[in-house]
Amino acid sequence: MKAVIFREHGGTHKLSYEDFPTPEIGPGDVLIRAKACALNHLDLWVREGNPAYPLVLPHVLGSDVSGIVEQVGSHTEGVTVGQRVFISPGMSCWHCNACLAGRDNFCRTYGVLGAVVHGGYAEYVKVPFRNVLPIPGDLSFEKAAAFPLVSVTASHMLFALAGLQHGETVLVIGAGSGVGMMAVQMAKLAGAYVITTVGTDEKIPKAKALGADEVINHTKEKFAERVKSLTDRRGVDVVIEHVGPEVWDSCLESLAKGGRLITCGATTGGDVKLNLRYVYGRQLMIKGSYMGTHAELVKAAELVGQGRLIPVIERTFPLQEAKQAQDLMVKRQFFGKIVLTM
């Protein structure tokens, strides 16, 4: 098969489109003929050699995959050859106490497709059958690849961790990102007042189209000050952020007393400063979030199938142009998802 691989860590120039062995499935596995694979920032971190993701090289990236079932193992259930499917990117054991309790993202063996095993930058991908889900309705392969990782992450942050309630006010950092795109829509569906940030004026109407009540261009004004003016100096109940040091102080300043900050990423670095007096004095809650549960993804897929959640795609690239696709992601000059097609 053809695949995009890297044999050593580094920049996008390390990516190579070449022949690679087609995966061989085991009794509990399914072989998917990939039709689309969405990019995530995780792809960049893995390629660059983030120590949190130790790998055996060469490696195939890609967490968000849709396609057609090509082969099924002898011990699989509910999956048939020829079926249109997408892959649940979170991989767990399915038999430990955490998995049995429905908290599969707390499984001790938990990992993400494309980070712990070969992923979807390829013509074929192998996954356990429990990770295979039917594409909802007549959704295109591209859109079916554009929502899984970011929707399960946004759902877990907003509801399982932040406990978002109808009528609360939410600040979503970066409406143009994958998580931001979904968080804005989900928060609005839940009856929240949604404030979000973007990096250019051109992205403002796109964020409004997702349902945002207020959109702040963070390159032109300090968003914490604007948030205070929009909330009569109170602040917001919930902040959803995935950027890290670049926005950390402003995110904390944007919170109301008793506010909850949920973070799922660190695209500008991993180290931040924290004034504990400010945290306990304002009774703030800070939680880290990693992916979400299989059940949360199933629910998100239902909403996508009903047209109540819309996966926004900025641009598609053929598989062999994965380098150009990642270069676009690095520049942050996009709104929504970037998708590879096979």
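Quick notes on the rules
- Residues numbered from 1 in each chain as written.
- Predicted model: local features only at pLDDT ≥ 70, side-chain atom pairs only at ≥ 80, totals over all residues.
- Heavy atoms only, no water.
- Helix = DSSP H or I, 4+ residues; strand = E, 2+ residues; numbered from the N terminus.
- Rg over C-alpha atoms; globule rule 2.2 N^0.38 Å.
- Buried < 20%, exposed > 50% of the residue type's maximum accessible area, 1.4 Å probe, protein only.
- Core = buried A, V, L, I, M, F, W, Y, C linked by side-chain atoms within 4.5 Å.
- Contact = heavy atoms within 4.5 Å.
- Pairing = 2+ DSSP bridges.
- Axes fitted to C-alpha atoms, helices over the stretch in contact; angles between N-to-C directions.
- Salt bridge = Lys/Arg side-chain N within 4 Å of Asp/Glu carboxyl O.
- Phe/Tyr/Trp six-rings, centres within 6.5 Å; stacked < 30°, edge-to-face > 60°.
- Lys NZ or Arg CZ within 6 Å of the ring centre and 35° of its normal.
- Disulfide = S-S within 2.5 Å.

Here the focus is the overall build of the protein chain. In terms of helices and strands, the protein chain carries 11 helices and 18 strands. For the protein chain, whose C-alpha radius of gyration is 20 Å, the value lies close to the compact-globule estimate of 20 Å for 342 residues. For the protein chain, the C-alpha atoms occupy an extent of roughly 60 × 40 × 35 Å along the three principal directions. Across the 342 residues that make up the protein chain, the buried fraction comes to 54%.

Among the nonpolar cores identified, the biggest contains 97 residues, and Tyr121, Val170 and Ile240 are the most heavily contacted of them. With residues near it in sequence (within four places) discarded, Ile240 still touches Met157, Leu158, Val170, Leu171, Val172, Ile173, Ala183 and Ile262. In this structure, Ile173, Leu255, Val279 and Leu284 belong to the second largest nonpolar core, which totals 17 residues.

Let us look at the sheet that holds strand S14 (residues 236-241). If you trace the 6 strands from one edge of the open sheet to the other, you get S13-S12-S11-S14-S15-S16, paired in parallel fashion. A single partner strand is all that each edge strand has here, and the edge strands are strand S13 (214-217) and strand S16 (285-288). Each strand of the sheet is rotated relative to its neighbour by a mean of 15°, with strand direction disregarded. Examined bridge by bridge, strand S11 (residues 169-172) and S14 share 3 bridges and lie parallel to one another. Residue pairing across strands places Val170 opposite Val238, the latter belonging to S14.

This brings us to the pattern of salt bridges. Scanning the model with the defined rule gives 14 salt bridges in all. Where Asp237 meets Arg234, a salt bridge forms, and the shortest distance between an N and an O atom there is 2.6 Å. Residue Arg234 is classed as partly exposed on the basis of its relative accessible area, which comes to 41%. Through salt bridges with shared partners, a single network forms among Glu214, Glu221 and Arg226.

Before going further, it helps to examine the packing of aromatic side chains. The geometry of an aromatic ring pair is captured by two quantities: the separation of the ring centres and the angle between the planes. Applying the stated rule across the entire model yields 2 aromatic pairs. With centroids separated by 6.1 Å and ring planes inclined at 80°, the aromatic side chains of Tyr110 and Tyr290 adopt a geometry described as edge-to-face. Separated by 180 residues along the polypeptide, Tyr110 in the loop between helix H2 (97-100) and strand S8 (111-112) and Tyr290 in the loop between S16 and helix H10 (294-305) bring together distant segments of the chain. Taking relative accessible area as the criterion, Tyr110 reaches 13% and is therefore assigned buried. When the ring centre of Phe141 is taken as origin, the NZ or CZ atom of Arg84, which lies over that ring, is 4.7 Å away. Above the plane of the ring of Phe106 lies Arg103, whose end atom (NZ or CZ) is 4.1 Å from the centre.

Scanning the entire structure with this criterion turns up 0 disulfides. Free cysteine: Cys96, not disulfide-bonded; nearest cysteine sulfur from Cys93 at 3.6 Å. Overall, the relative accessible area of 22% leaves Cys96 in the partly exposed class. Not part of a disulfide, Cys264 finds its nearest cysteine sulfur in Cys251, a span of 11 Å. Look at Cys264 and you get partly exposed, because its relative accessible area is 22%.

Moving on to unusual backbone geometry. The residue after Leu57, namely Pro58, is reached through a cis peptide bond having omega 5°. Within the fold, Pro58 resides in the loop between helix H1 (41-48) and strand S4 (59-60). Despite not being glycine, Trp94 shows a phi value in the positive range, around 70°. Within the fold, Trp94 resides in the loop between strand S7 (90-91) and H2. In this structure Trp94 comes out as partly exposed when scored by relative accessible area, which is 22%. The backbone phi angle of Asp232 is positive, close to 55°, even though this residue is not glycine.

Turning to the sheet that holds S4, a few remarks are in order. Read from one edge to the other, the open sheet built from 3 strands follows the order S2-S1-S4, with strand pairing classed as antiparallel. Sheet topology places strand S2 (15-19) and S4 at the edges, where each strand pairs with a single neighbour. The sheet contact formed by strand S1 (residues 2-6) and S2 spans 5 bridges and is antiparallel. Paired with Ala3 across the two strands is Glu18, which belongs to S2.

Here is the key point about a regular strand: its side chains alternate between the two faces of the sheet. A large share of S1 lies buried, amounting to 4 of its 5 residues. As defined by bridge partners, S1 adjoins S4 across 2 bridges and the pair is classed as antiparallel. Note that in S4 the partner of Ile5 across the bridge is Val60.

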